[in-house]
Amino acid sequence: MNMLELRNINTSYGNIQVLHDINLHVEQGEIITLIGANGAGKSTILMSICGIVPPRSGEILFNGTSIVWMPPEKIVALGLSQVPEGRHIFPELTVAENLDMGAFLRKDTGRIRQDLEHVYALFPILAERRHQPGGNLSGGEQQMLAISRALMARPQLLLLDEPSMGLAPLVTKQIFSIIRKINEEEDTTVFLVEQNANLALKTADRGYVLENGRITMHDRAETLLGNKDIQKAYLGI
Ligand code: ATP
């Protein structure tokens with residue numbers, strides 16, 4: 001059974017239809033990426049999955065359960081967390097308080113403390129800065145905080161929207177190596193939306209290409225990397 005499955009998803013903002021018959025799936029343990037130009041509808045797919053912009057029609061199954069009309073907090077409680085584009089950390093709250101927010105649906109207090117130590121081990125800089133306001137962190141550190149906050153909900157599936165946005169290449173590299181580590185060592189399945197198609201396809205197992213709200217191609221990531229059309233349109237080759 002697929003961990004996540006989208007069947008014929010159509011999503012609109014008002015009268016404007018943005019997603020057309022989206023079909024995709026995510027298997028347990030893999031990293032999949034969704035690549036596409038600005039405005040193709042990548043963030044809208046993530047928001048449809050998370051219940052923030054529910055689709056007009058179609059079905060979304062998470063571990064076989066329909067989540068298509070569920071409120072976002074119920075979807076998080078099932079094991080699906082999103083790191084939104086632009087990170088959206090709480091700038092006035094401390095790093096530790098931001099992380100507490102990620103665990104707000106959980107009642108297993110003992111495990112929460114353990115998980116907090118775990119994310120501090122993944123991102124030691126956050127441990128050092130745990131008492132500082134989130135707004136004082138650099139862009140890369142804020143991205144680390146946003147990922148850590150999502151991990152505090154103990155997701156089975158982590159959805160990441162443009163984690164490299166606005167970051168220097170070296171910081172991006174560091175973030176992506178942590179994403180791989182979370183996938184390999186934590187057994188967390190990853191759905192990665194990225195503008196940096198080269199990096200995304202090098203990181204992912206499989207990829208989907210979105211053009212004007214439609215999936216136009218999907219394949220093994222290495223096959224997409226070698227595809228002449230993809231190279232020309234997204235990889236600048
Ligand atoms: P980007 O990389 O720029 O974030 P994207 O592929 O994630 O692009 P979306 O943000 O999903 O694309 O946007 C898809 C389309 O929907 C665009 O034409 C955008 O202008 C439109 N859109 C996005 N959000 C809204 C909204 N809240 N109301 C109306 N239209 C919207």
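In what follows, the structure referred to is the one given above.
Anyway, here's the lowdown on the structure attached to this text. Note that the structure is predicted; figures quoted are calculated from it, not measured. (Residues numbered from 1 in each chain as written. Predicted model: local features only at pLDDT ≥ 70, side-chain atom pairs only at ≥ 80, totals over all residues. Heavy atoms only, no water.)

1. Section: helix α3 (residues 95-102)
Line of reasoning, step 1. Taken residue by residue, α3 has V95, A96, N98, L99 and G102 as its buried positions. One side of α3 carries all its buried residues, which in axial view fall inside an arc of 160°.
Line of reasoning, step 2. Against the buried residues of α3 lie α4 (109-122), α5 (124-128) and α6 (139-151). (Buried < 20%, exposed > 50% of the residue type's maximum accessible area, 1.4 Å probe, protein only. Helix = DSSP H or I, 4+ residues; strand = E, 2+ residues; numbered from the N terminus. Arc of directions from axis to C-beta. Contact = heavy atoms within 4.5 Å.)

2. Brief notes about unusual backbone geometry
Line of reasoning, step 1. Positive phi outside glycine occurs at N8, with the angle close to 50°.
Line of reasoning, step 2. Mapped onto the fold, N8 is located in strand β1 (residues 4-13).

3. Focus: the nonpolar core
Line of reasoning, step 1. Membership of the largest hydrophobic core comes to 44 residues, with the highest contact counts inside it found for L99, Y120, L126, I147, L158 and L160.
Line of reasoning, step 2. With near-sequence residues (within four places) excluded, L126 lies in contact with V95, Y120, L137, E141, M144, L145 and S148.
Line of reasoning, step 3. L24, I60, L159 and L210 belong to the second largest nonpolar core, which has 28 residues in total. (Core = buried A, V, L, I, M, F, W, Y, C linked by side-chain atoms within 4.5 Å.)

4. Points about the sheet that holds strand β9 (residues 206-211)
Line of reasoning, step 1. The strand order β6-β7-β8-β3-β9-β10 describes an open sheet built from six strands, whose pairing is mixed. For this open sheet the edge positions go to β6 (80-83) and β10 (214-220), each flanked by a neighbour on one side alone. Each adjacent strand pair in this sheet contributes to an overall mean axis angle of 15°, direction not counted.
Line of reasoning, step 2. Of the strand pairs in this sheet, strand β3 (residues 31-36) and β9 are connected by five bridges, and their pairing is parallel. (Pairing = 2+ DSSP bridges. Axes fitted to C-alpha atoms, helices over the stretch in contact; angles between N-to-C directions.)

5. So, the packing of α3 against α6
Line of reasoning, step 1. In contact at an axis separation of 7 Å, α3 and α6 are set at 35° when each is read in the N-to-C sense. Seen along the crossing, α3 lies across α6 with a hand that is right-handed. Within the contact between the two elements, α3 uses V95, N98, L99 and G102 and α6 uses L145, S148 and R149.
Line of reasoning, step 2. Its residues placed into classes, the contact of α3 with α6 shows three nonpolar, three polar and one charged. (Left-handed = near helix turned anticlockwise from the far one by under 90°. Nonpolar A, V, L, I, M, F, W, Y, C, P; charged D, E, K, R; others polar.)

6. Quick word on the site of the ligand
Line of reasoning, step 1. What surrounds the ligand is a group of 13 residues, the closest being G39, G41, K42, S43 and T44.
Line of reasoning, step 2. Measuring from an oxygen atom of the ligand, one finds a side-chain N or O atom of K42 at 2.8 Å.
Line of reasoning, step 3. T44 is positioned with one of its side-chain polar atoms (N or O) 2.5 Å from an oxygen atom of the ligand.
Line of reasoning, step 4. Here the ligand, which alone exposes 640 Å², has 57% of that area covered by the protein. (Near = heavy atom within 4 Å. Polar contact = N/O pair within 3.5 Å; in protein donor to acceptor, adjacent residues only side chain to side chain. Areas by Shrake-Rupley, 256 points an atom, 1.4 Å probe, with all protein chains shown as cover.)

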